[in-house]
Amino acid sequence: DGGITQSPKYLFRKEGQNVTLSCEQNLNHDAMYWYRQDPGQGLRLIYYSQIVNDFQKGDIAEGYSVSREKKESFPLTVTSAQKNPTAFYLCASSPRRGERQPQHFGDGTRLSIL
Amino acid sequence: GDSVTQMEGPVTLSEEAFLTINCTYTATGYPSLFWYVQYPGEGLQLLLKATKADDKGSNKGFEATYRKETTSFHLEKGSVQVSDSAVYFCALSETGGSYIPTFGRGTSLIVHP
């Protein structure tokens, strides 16, 4: 079955360390997204990409970076500049930019500070 | 800009009670509307959708009707179960070259036996 795979499920970051969250999809979707979710909060958009080798900042991009070298993959790096990285991170995809389609979500990565 | 407003939670119900979670939206065009459900520790799953006015989306006993005149898409279920306990998100998506979906803040539902 097609879907989105996020790994790892749990991740711990040390002070001053960069960590990378993986997101892979086999749905042949053009668009991919990263969201941050804090306890009791909604979704906040970090970055999105609607085509390979192109991506845009969302509402809270500071302290994060992404790449989109392959259609299937959209890894998120949480850099040491992100001072409050503890959160639940969700990756999503949708078929094509500009269409009124639902998003498909992965099962998330929970990031904590050591 | 576009926005989605959901009722504040948590909504606490007894098993077999009737559920309504209110959702209203503002949009410049003619969006598609969605309800997603998030179980603890998981990602969001699409629960139902409606793509035009007066459409009714339904799934697993949940229903929502796209009301253009009141810009609403309220989620309802006639008899909730403990297993329905989750967070529910209302969302909209419009056409447009770089359009990003808009989500509500989510409503937590707790169902007691």
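Notes on the structure follow. (Residues numbered from 1 in each chain as written. Chains lettered and ligands numbered in written order. Predicted model: local features only at pLDDT ≥ 70, side-chain atom pairs only at ≥ 80, totals over all residues. Heavy atoms only, no water.)

**Let's talk about the overall build of chain A**
For chain A, the count of helices and strands is zero helices and eleven strands. Mapped in sequence order, the helices and strands of chain A form the string β-β-β-β-β-β-β-β-β-β-β. Over its C-alpha atoms chain A spans a radius of gyration of 13 Å, differing by no more than 12% from the 13 Å that the globule rule assigns to 114 residues. Projecting the C-alpha coordinates of chain A onto the three principal axes gives extents of approximately 40 × 25 × 25 Å. In chain A, which comprises 114 residues, the proportion classed as buried is 47%. In chain A, which carries 14 positive and 12 negative side-chain charges, the distance between the mean positions of the two groups comes to 3 Å. (Helix = DSSP H or I, 4+ residues; strand = E, 2+ residues; numbered from the N terminus. Rg over C-alpha atoms; globule rule 2.2 N^0.38 Å. Buried < 20%, exposed > 50% of the residue type's maximum accessible area, 1.4 Å probe, protein only. Lys, Arg positive; Asp, Glu negative; His and termini not counted. Charge placed at Lys NZ, Arg CZ, Asp CG, Glu CD.)

**With respect to the pairing of strand E10 (residues 86-93) of chain B**
Residues and elements named next belong to chain B. With seven of eight residues buried, E10 is to be regarded as a mostly interior element. Across seven bridges, strand E5 (residues 32-38) lies against E10 in antiparallel orientation. By the bridge assignment for E10, Val37 is matched with Tyr88. As paired elements, E10 and strand E12 (residues 107-112) share three bridges and run antiparallel to each other. (Pairing = 2+ DSSP bridges.)

**Some details on the pattern of salt bridges**
Under the criterion given, the structure shown has six salt bridges over all chains. Its salt-bridge partner being Arg36 of chain A, residue Asp38 of chain A comes within 3.0 Å of it at the nearest N-O pair. Note on Asp38 of chain A: relative accessible area 14%, which makes it buried. On the basis of relative accessibility, which here comes to 4%, the residue Arg36 of chain A falls in the buried class. The partner of Asp84 of chain B in a salt bridge is Lys77 of chain B, with the nearest N and O atoms 2.8 Å apart. (Salt bridge = Lys/Arg side-chain N within 4 Å of Asp/Glu carboxyl O.)

**Section: a nonpolar patch on the surface**
Residues and elements named next belong to chain A. A surface patch of nonpolar side chains, amounting to about 380 Å² of accessible area, comprises Tyr10, Phe12 and Leu114. Tracing the backbone shows Tyr10 in strand E2 (residues 10-13). Taking the relative accessible area as the measure of exposure, Tyr10 reaches 53% and is therefore exposed. (Patch = residues over 30% accessible without salt bridge, like charges linked within 9 Å, V, L, I, M, F, W, Y side chains within 5 Å. Areas by Shrake-Rupley, 256 points an atom, 1.4 Å probe, with all protein chains shown as cover.)

**Brief notes about the sheet that holds strand E1 (residues 4-7) of chain A**
Residue and element names in this part refer to chain A. Taken in spatial order, the four strands line up as E1-E3-E8-E7 in an open sheet, and their pairing is antiparallel. Every other strand in the sheet has two partners, leaving E1 and strand E7 (64-66) as the edge strands with one partner each. For this sheet, the mean inter-axis angle between neighbouring strands, taken without regard to orientation, is 20 degrees. Direction of pairing for E1 relative to strand E3 (residues 19-25): antiparallel, over a ladder of four bridges. In the sheet register, Thr5 faces E3, and the bridge partner there is Glu24. (Axes fitted to C-alpha atoms, helices over the stretch in contact; angles between N-to-C directions.)

**Structural notes on the pairing of strand E6 (residues 54-57) of chain A**
Residues and elements named next belong to chain A. When strand E5 (residues 43-51) meets E6, the two strands line up antiparallel, connected through three bridges. Opposite Ile51, over in E6, you have Asp54 as the bridge partner. Counting the residues that bridge the hairpin from E5 to E6 gives two residues, and of these Asn53 lies at a positive phi of roughly 65 degrees.

In short, geometric facts, not functional conclusions.
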